[in-house]
Structure formats: structure tokens, C-alpha cells
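# Fold and contact review
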Amino acid sequence: MSRTISKSRRNFLKTASVMSGAASLGACASSESLDIATHKFTPSFYPKHNERTKGWMRFMWQKATTEDDWGYSENIARPWGINLPRGEIDWTDDGKGPHPWWDQYTSAPMLSYPRFDLADSSFPIMLMADQTPAWREVYTRIMDELATRHTSYWAAIDWNTFIGPSPDRENYGPLNAPGYQSWPERVRGNYDSPGWTANGVEPWGLQPDPIGADGNLFFRGWLNLVLSIYKYVSGDDKWEKPWQIAGFENEMFEWTQPRIVEHLHNQYTAHPEGPQCENTKIWPLCNSAAGLGMYLSDQLGVTNAHGTFENWIEFMKDNYMSISDQNQIEWMTLYYDPLAEFKVNLPGTAGGGSTTAFYLMPQSPEVATQLYEATARSNGWHDLKREISADSFGLVLAKALGDHTAVSRLSAAAERNSEPRWFGEDMDKFGWWFNNGEPWPRGQSAARLMISEIAEGNWVDVFKVKHMDKYSAPTLQGVDYPNLGVDTAWNDKDSGVLHIGTYVGDRGAAGQATSWQITNLPNAGEAVVICDGATITDVQVLNANTIRVPTDIAQHQYQIYTGYFGQEIALSKPDQMSVASSSDAAVTRRTAEQNIKAAETVMTSKATGFACCAGAA
């Protein structure tokens, strides 16, 4: 060991106990007696989960790790009159379905599918993992459960069952078809409402693969984002290896996460207007989410494809929004149908402005900020004389941009209107109930609000993937969660000390003996563990890089001298993806000639100012 590191270790031994304060250890572990002034708990100067964050994670753990084998009390009715069956709940193809605590009710008819709960729930998990980068095992398990469900038959239930034209076409109207008032008369009565994915319509015909289809970006865009988040949280390449997706009539298709990005890259190259989110509509919202998944995958060094999506952002600015001479947003496109040749344009940012900005902010902050500012003005977030409504996306963006006035007002609105509640037998779970009178908090809306509850979290910063060295840094493992919780796990690379904070996760297990391990140590024999200010003497050295720490289920603070002072992480990006790679040929049904022709058609429309599609043509 070098002289410098030896000195750091001696300094740690001399100062750690005094700085922390030796505690009444109880069952923490055997320790050396220190004749110094003590106090029980000490402040933490590192990111730390608050009580709401811990309560929400406790519920997410229950949702993610509980097998979906419960029963429905009633059928789930879709807006077009199709009832999804009840029975034992399961995400496979046996005609049952997920547990009803997976949100399949919010924002019908477009987002009322349980897969959107999976995606939205992954966002706060990503931020929470960034707060405790030295402890990732619980977040990894949750993310793996979310990702696994997102590759099941029921994740793509709409694509797998809504075949051909909607049977309810003649019954659509302003109350059950978003954007109906902007539909041209020529399509009314013979047009599918948003939410009907229309697998099998012309010109594509039936496409059984929900990922490889020409449309269905609503599915693969968010799936790729979930898989990319799993990669960042865990460091594991599980989803970069072949796995199978269940499609129409349970036909199985082999994919990897990089191949999804490659498919997206090829689509954005061939279609500057963007892939269709459902047959036959292009939504800026779902394209923005798809771009964010590509962006994160590139940030992680898995792919190199986001450049083609940046071209779509420019297309969006020119064609899916209008900016006045006063630099005000006059309208935004909710969706565009290139086959029926019309757009649904809504005034100001009503066409999904804050939602689109939410997904664009990490990857295109200039456009997203413009959308945010327009939304803030129209909704009166800075006008103290106006009463405002809660807006979870707006709150996330306000926090990311440092708009303290909006953060304060939107947070207060959420407290007033969104019904924050503790629940569960021990009242140890937390969520927002939104005055729905339902047995569980709705996952989509609750997860969005949870993003802003994570004290140190920032929606933009987390996509900068600042903690890429965490996979090789000293890491806490083997925690008996949810009996024992962890609210702090941070490597201080200046001092070579790992800071860990634990708490009682299950009151019934309080005081029970337990243990956990620290892995990735440079030299396990040199590690020193301080618990509540006193040195633990019975730490076990398991191997050259791992120690085992005996303790109990209780609130404790640990300082562990690891000798880890950081390391540089250099990511080598792959070559820019090609437009037509051989691996994509098996899943893309449209020919290269058709793609070129479609792109030329769109560019011709763009050259004439998109006259064919301005407003409700």
C-alpha cells in the first residue's frame, strides 16, 4: 500500500470516530471502547432518501416482486366496448392479465395499459439509484421485474388483440376520441380513434412482432427506455443478450436492446417525420420518449444512434409546432396522420407541451425549455393571483430548471389535490391516491410525482450518467431488504470512505441480527468499519476484495475506510449505426424502396409548408 493511502487510512482512524460521535451501539456489533463524548445519531452530508421516498420504494418492491396471481373483481372495459377477461392475473398469453394495482386506467384510451406503469415507475427508480450509487441490488431487482413484464404478451396486449379497423368507428365523437373535432369530415365514421393500434391495416398488413412492426412506437419506444434504465441502474448486460418478445397469437420474436435502437435508428433515417406510434398516427409525445431511450443508450456507450433522432427534433420544430414573431408558441400538433393527411393542432402547448418537454429536456433542453416556459405562462404558474392545478411533469421540469416559484406552487397544488397518503398494514408505504377511491395508488401519476420527491434528484442530471464508476467501486450487497433499509450509500472518493445509512424497513424485524457485505474493495484486509462512531472489531474478510459486516436491523450510520479514491471511466462509443443493417432486415417489413418513397413524400410536403396537413385539412 502506498504511503499516501496509508496516511489517509491513519487519518481516518484518528478522526472518523470523533467526527461521527460514538454511539450506544446496542446490537450493532462488537466494537472497541472509545473514551470520547458521544451522541446517538449524526447528520449526513451525503444524498439521503427521505421518508416518502422510502415508503414509495417499499410499495414498488411489493408490486414488482409479487407474482401476478390474484383475481379481478370485475372485467376491465375498453372505450370501444371490448371487455378484457378476468380471472387469475398473469402477464402471459393465457387470457388473464396483470394485477389491478398495475395502472391500466389512467389517460384512456391511449395510456390506459399496465406497461405505462412499468415505464413511469422506472423513472424514480433511476433517480433513487443515483442517490445511493454504492447500493444497487434492490433497484436492479425492481428494474428487472419491470423490464421482464414489459416483454410479456400482456405488455403489448393492444397490438396483439386490436386487429384491423376499430369496430366502434361509427360511434366516435368529441367525448371518446381525442382530437375528434379536428378530424376532417371525410374521415369521420371511417377512422380509428387514438388508442386503437389497428394492427393489420393497410399498407402493412398483420405484423405479429410488436417491436419489429412499422408502427407501434408506443410500445418499443418506452420498452427501450426501460431497458436502458435497467442498464444504467445495474451495469448488467442482460438485455443486450438475446431474449424473446411475445407477439400476436403468442408468436415469439428474438431481440436485444441494441437491436431495438438499431431498428429505431433505421426508422428515423427513413422517416424524418417519425415512426407511427399506432397505425396510422405520429405523436410528438411518443417520439420524444423513444428518442430519450436512444439518448440514454448512447450515453451508456451501448449504441451510437441518437444523431438521427436529432434530425427529428428539427422536423418537429418546423412542422409540429408554430412559433410567432414574438417567439410565442401558437400551436402544437397532438398527432399527425400521414396516410389520411391531416394534423390535430391544439392552441398553445395544449397538444402535450409539458409531457413532450419532459422527455425532451435531457436530450434537447433548448426546445424543452421553450415548451416549459410557454406552458408555465399559459397555466399561470408564476401568477400568484391565480390558483393553479397540480402538474407532475411541470413540477419535474421546474425543479430541473431551478424555477423555485413554480416548484413551490406546483408542490403545494400537489399536496392539496393529489391526496398523498401512507398506507399498508404498518403504514410503511407511500403514494398519491388522487381522490379516486381505489384500493391502490395509480402507478403512472404517483411515479411522476415521486420524481420530484427525491431530494437530490434532477431529471436532467440523471441522464448525464455521472456514476459510471459505481460498478467497480466499493459496493454494498446482501442487505436483507425490506426488513433492513438503506437510505445512504455514497463513496467519498476524496477521503476513500464509504458512507452508509440504514433504517428499520419492517418494524416486525427491528433488532434482529443480520449482516451485509462490501465488495469491490481494493484491499479487504485494510478496510476499517465504524458504526455510529465506534470501530467494529469482528468484521470478516471473505476474500481479497470483500468483507462481511455483522449488525442488526436498526438505524445506524457507518463510515467504512475502503481505500478507494476513484477511477477514470472512458466509454468508447460504437460506430454510428448504418441505415440498413443485416440484423434489422428480418424484422422490417417495408422495403428500402418504399422507405425512400415515403421519406420523399414527407419532404415534399415540408417543402410546400406542410400545406396538406395544416390544422384540420
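Provided above is the structure to which this section pertains.
Just so it is clear, the model here is predicted, and its values are computed rather than measured.

### Overview of the state of the cysteines
Going through the model one piece at a time under the given rule, you end up with one disulfide. Across the disulfide from cysteine 277 sits cysteine 286; the S-S distance is 1.7 Å. Linking cysteine 277 and cysteine 286, the disulfide has an S-S dihedral of approximately -85° and is accordingly described as left-handed.

### Here's the deal with helix H2 (residues 51-65)
Here H2 spans 21 Å end to end across 15 residues, near enough to the 21 Å set by a 1.5 Å rise per residue. Of all 15 residues in H2, 11 are buried; the element is thus mostly enclosed. Restricting attention to buried positions, one finds in H2 the residues Thr53, Lys54, Gly55, Trp56, Met57, Arg58, Phe59, Met60, Trp61, Lys63 and Ala64. The backbone nitrogen of arginine 52 has a side-chain oxygen 3.3 Å away, supplied by the residue at the start of H2, namely asparagine 50.

### Details of unusual backbone geometry
Cis geometry is adopted by the peptide bond preceding proline 203, which originates at glutamate 202 and carries an omega value of 10°. Inspection of the secondary structure puts proline 203 in the loop between helix H5 (157-161) and helix H6 (217-234). Although it is not a glycine, serine 107 adopts a positive phi angle of roughly 55°. Turning to its location among the elements, serine 107 is positioned in the loop between strand S2 (83-84) and helix H3 (114-131). A positive phi is found at asparagine 327, a non-glycine position, where the angle reads about 65°. If you trace the backbone, asparagine 327 turns up in the loop between strand S5 (321-323) and strand S6 (329-337).

### Quick word on helix H8 (residues 284-299)
Given 3.6 residues per helical turn, the α-helix brings residues three or four places apart onto the same face. In a regular helix each residue adds 1.5 Å, so 16 residues correspond to 22 Å; H8 covers 22 Å between its end C-alpha atoms and thus fits that length. Burial analysis of H8 places 15 of its 16 residues in the buried class, the great majority of the element. Following H8 by one or two positions, glycine 301 adopts a phi angle in the positive range, close to 75°.

### Here's the deal with the sheet that holds S5
Sheet strands pair by backbone hydrogen bonding; their relative direction is either parallel or antiparallel. Pairing within the open sheet is antiparallel, and its three strands lie in the order S5-S6-S7. A strand with exactly one partner marks an edge of an open sheet, and here the two such strands are S5 and strand S7 (342-347). Here the average twist between neighbouring strands, direction ignored, is 25°. As defined by bridge partners, S5 adjoins S6 across three bridges and the pair is classed as antiparallel. What sits directly across from methionine 321, in S6, is methionine 332. Packed on one face of the sheet, helix H9 (residues 306-319) meets S5, S6 and S7 and runs near 65° to S5. Sitting on the sheet, helix H11 (residues 365-379) touches S5 and S6, and the angle it makes with S6 is about 115°.

Quick notes on the rules
Residues numbered from 1 in each chain as written. Predicted model: local features only at pLDDT ≥ 70, side-chain atom pairs only at ≥ 80, totals over all residues. Heavy atoms only, no water. Disulfide = S-S within 2.5 Å. Helix = DSSP H or I, 4+ residues; strand = E, 2+ residues; numbered from the N terminus. Expected span 1.5 Å × (residues − 1). Buried < 20%, exposed > 50% of the residue type's maximum accessible area, 1.4 Å probe, protein only. Polar contact = N/O pair within 3.5 Å; in protein donor to acceptor, adjacent residues only side chain to side chain. Pairing = 2+ DSSP bridges. Axes fitted to C-alpha atoms, helices over the stretch in contact; angles between N-to-C directions. Contact = heavy atoms within 4.5 Å.

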